[in-house]
Protein chains: 2
Amino acid sequence: MNFYVDKIKNNGLKVTPRRKAIINIFNHCRVHLTPEDIFTRLKEEFSHCGLPSVYRNLEILAECGILARIYRFDNKRYYGLCHSADGAHHHHIICIKCGTIAPLKGCNLFKRKKINGFKIIDHFIQVDGICKNCQE
Amino acid sequence: MNFYVDKIKNNGLKVTPRRKAIINIFNHCRVHLTPEDIFTRLKEEFSHCGLPSVYRNLEILAECGILARIYRFDNKRYYGLCHSADGAHHHHIICIKCGTIAPLKGCNLFKRKKINGFKIIDHFIQVDGICKNCQE
DNA sequence: AATTTAAATAGAAATTTTTTTCATCTACAT
DNA sequence: ATGTAGATGAAAAAAATTTCTATTTAAATT
C-alpha cells in the first residue's frame, strides 16, 4: 500500500480513506471492474462512497498510473490495478476468462516520433488473451 | 459504394437505405463520429433514422469491417470509416485535431500466438497524433 | 495540539447515453 | 409476385455519467 500512497502524494493529491479503500478492492480481486462494481463493493466491504466520488477517484488513480484503463467496446469503463513495479512504459494483456491483468513490456511504438506523416501524440495497445491458469 | 455493398452482402446482411446513408456520411466527412452525431446528420442531410437503428447499424457495420471502432476515454462511442483497400490486418491512427483516420499497417502482434504465457485471442492498437495538414 | 485551507466527499438531481420492446415494414431470395 | 428473415421507428425504460452544493477532511502550518 505504501507504494500507492507514495504515488498519490507524488501527484500532489491527498491520501484519503476512499482512495485507499478503492485500491484495496483492486488488490484483493485482481480483475478489472467498472465504476458500478467498485461502488457495490465499497458498500459491502468497505466504507460507503458516493458514486460521483467513485468516478472521480478512478479517473484520478488512473492518471497517477495506479490504475490502468481497460478498453472493452461494451460502453462501460473498466479499470484494473497496474502491476508494474517500476514506472517503465508498458501496456496490458487481459485474460478474457478471469480478468487478470498482466503488464505487456517491450512496446516499440513510443520511441517513434512520426508515422505516416502523423506526429505521434499518444498510443494505446491492449491484448486480450487467456492466461496460463485459465488455459489448463 | 459498391465496395461497401459487397462487404455487407458478404456478411449475409441486407443493403438498406439507412446503411448506405450512414456510409455516405462517413465518406463525406472522413472523421470519426458518435452515434448521436450520425443521428443528427441523418436528420439533416439524408433520410431520418431512429436512434436505435443508428446504434445497431454502427455496430453491424463495424463487425463487417466497414467501420472502425475508435477508442476515446470520454465515455462515448466513436466510429470512423476504415480506409483500407485490401482486407489486410491493420489498425488506425487518428488525428486529434481534425479527426481524420488513417490505416496503420505493419502490426506484428497478430502473428504471435503467445505472450507471457497468455494465449492471444485479440488485440487492439490505436495511435493518436496530428496529421500533416494540422501540423502546418 | 489547535488552526487553517484547499481538496475531497456525499447525496440529490439532472443530464446524457444506450438498450429494450414490439408492431410494422422491406430487401431480396425463391 | 411472394414469403420470410432481417431491419426499422416510436416510445419507453434503463443505465451511465455529470453537475451542483453544502459539508467534511487530510495534511500543512502554526
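Everything here concerns the structure above.
Basis of the calculations
Residues numbered from 1 in each chain as written. Chains lettered and ligands numbered in written order. Predicted model: local features only at pLDDT ≥ 70, side-chain atom pairs only at ≥ 80, totals over all residues. Heavy atoms only, no water. Helix = DSSP H or I, 4+ residues; strand = E, 2+ residues; numbered from the N terminus. Buried < 20%, exposed > 50% of the residue type's maximum accessible area, 1.4 Å probe, protein only. Contact = heavy atoms within 4.5 Å. Areas by Shrake-Rupley, 256 points an atom, 1.4 Å probe, with all protein chains shown as cover. Buried area = accessible area lost by both parts, 1.4 Å probe. Nonpolar A, V, L, I, M, F, W, Y, C, P; charged D, E, K, R; others polar. Pairing = 2+ DSSP bridges. Least-squares fit on C-alpha atoms with pLDDT ≥ 70 in both. Phe/Tyr/Trp six-rings, centres within 6.5 Å; stacked < 30°, edge-to-face > 60°. Axes fitted to C-alpha atoms, helices over the stretch in contact; angles between N-to-C directions. Parallel < 35°, antiparallel > 145°, perpendicular 65-115°, else oblique. Left-handed = near helix turned anticlockwise from the far one by under 90°. Near = heavy atom within 4 Å. Polar contact = N/O pair within 3.5 Å; in protein donor to acceptor, adjacent residues only side chain to side chain. Expected span 1.5 Å × (residues − 1).

> Would you mind showing me how to read the overall build of chain A here?
Helix and strand counts for chain A come out as 5 helices and 6 strands. Listing every helix and strand of chain A by position from the N terminus yields α-α-α-α-β-β-β-β-β-β-α. Taken over 136 residues, chain A has a buried fraction of 46%. A fraction of 45% describes how many contacts in chain A between residues 6 or more apart in sequence connect residues 24 or more apart. When the accessible surface of chain A is split by element, carbon and sulfur atoms take 49% of a total near 7200 Å².

> Help me understand the interface of chain B and chain A, please; the structure alone is not making it clear to me.
Bring the parts together and some accessible area is lost; that lost area is often taken as the interface size. If you look at the interface, chain B gives 37 residues, while chain A gives 37 residues. Taken together, the two surfaces of chain B and chain A that pack against each other cover about 3000 Å², and 66% of this comes from carbon and sulfur. Where the side of chain B that touches chain A is concerned, the elements lending two or more residues are strand E1 (67-70), strand E2 (78-81), strand E3 (91-95), strand E4 (101-104), strand E5 (114-115), strand E6 (118-130) and helix H5 (132-135) of chain B. With 13 residues, the single largest contributor to the side of chain B that touches chain A is E6 of chain B. Partitioned by chemical class, the residues of the side of chain B that touches chain A number 22 nonpolar, 7 polar and 8 charged. Sheet topology note: the strand E6 (residues 118-130) of chain A/E6 of chain B ladder contains 11 bridges and is antiparallel. Its bridge partner being in E6 of chain B, phenylalanine 124 of chain A is matched across the sheet by glutamine 126 of chain B.

> Can you help me understand the relation of the copies chain B and chain A in this one?
Relating the two copies of this chain is a rotation about some axis coupled with a shift parallel to it. Its rotation angle being 180 degrees, the transformation that places chain B on chain A also includes 0.0 Å of axial translation and leaves an RMSD of 0.2 Å. Taken together, the turn and the small shift mark the pair as related by a two-fold rotation axis. Among all residues of chain B, the minimum C-alpha distance to the rotation axis is found for isoleucine 125 of chain B, at 2.3 Å. Most of the interface of chain B is mirrored in chain A, where 100% of its interface residues are also at the interface.

> Would you mind showing me how to read the packing of aromatic side chains here?
The geometry of an aromatic ring pair comes down to the distance between the two centres and the angle between the two planes. Under the defined criterion, the tally for this structure stands at 8 aromatic pairs over all chains. Each ring, one from tyrosine 71 of chain A and one from tyrosine 71 of chain B, has its centre 4.2 Å from the other, and the planes form 25 degrees; the classification is stacked. Placement of the pair is tyrosine 71 of chain A in the loop between strand E1 (67-70) and strand E2 (78-81) and tyrosine 71 of chain B in the loop between E1 and E2, with the two residues belonging to separate chains. On the basis of an interplanar angle of 65 degrees and a centroid distance of 6.2 Å, the ring pair of phenylalanine 124 of chain A and phenylalanine 124 of chain B is categorised as edge-to-face. With phenylalanine 124 of chain A in strand E6 and phenylalanine 124 of chain B in strand E6, this pair bridges two chains. Overall, the relative accessible area of 17% leaves phenylalanine 124 of chain A in the buried class. Here the aromatic residues Tyr71 and Phe124 of chain A together with Tyr71 and Phe124 of chain B are joined through ring pairs into a cluster of three or more.

> Looking at this model, I keep getting lost on the packing of helix H3 (residues 35-45) of chain A against helix H4 (residues 51-63) of chain A. Mind explaining?
How two helices sit against one another is set out by the angle between their axes and by the gap between those axes. All names here are of chain A. Axis separation between H3 and H4 bottoms out at 9 Å; the angle between their running directions is 120 degrees. With respect to H4, the axis of H3 lies oblique. Relative to H4, H3 is oriented so that their crossing is right-handed. Residues Pro35, Glu36, Ile38, Phe39 and Leu42 of H3 pack against Leu51, Val54, Tyr55 and Leu58 of H4.

> What's the story with the protein's contact with DNA strand C in this structure? I'm lost.
The full set close to DNA strand C counts 22 residues, and Thr16 and Arg18 of chain A together with Tyr55, Lys76 and Arg77 of chain B are the nearest of them. Counting only atoms of DNA strand C within 4 Å of the protein, the fraction found in sugar and phosphate groups is 71%. For DNA strand C, a phosphate oxygen lies 2.3 Å from a polar atom in the side chain of arginine 18 of chain A. For the surface near DNA strand C, the elements supplying multiple residues, two or more each, are helix H2 (17-29) and H4 of chain A together with helix H4 (51-63) of chain B. When residues of the surface near DNA strand C are assigned to their parent elements, the largest contribution, 4 residues, is made by H4 of chain A. Taken together, the residues of the surface near DNA strand C break down into 8 nonpolar, 6 polar and 8 charged.

> When you look at H2 of chain A in this model, what are you seeing that I'm missing?
In an α-helix, one full turn covers 3.6 residues, which means residues spaced three or four apart are oriented alike. Residue and element names in this part refer to chain A. If you check H2, its first and last C-alpha atoms are 19 Å apart, about what 13 residues at 1.5 Å a residue would give, namely 18 Å. Within H2, the full set of buried residues consists of Arg19, Ala21, Ile22, Ile23, Ile25 and Phe26. Residues of H2 that are buried make contact with helix H1 (2-10), H3, H4, E1 and E2. Looking one or two places after H2, you find arginine 30, whose phi comes out positive at around 60 degrees.

> Can you help me understand the environment of arginine 77 of chain B in this one?
In this fold, arginine 77 of chain B is placed in the loop between E1 and E2. Separated by 70 residues in sequence, arginine 77 of chain B and lysine 7 of chain B have C-alpha atoms that sit 22 Å apart. Once residues lying within four places of it in the same chain are set aside, the contact partners of arginine 77 of chain B are Phe73 and Asn75 of chain A together with Leu33, Thr34, Pro35, Tyr55 and Glu59 of chain B. Looking at arginine 77 of chain B, its side chain comes within polar contact range of the side chain of tyrosine 79 of chain B, at 3.3 Å.

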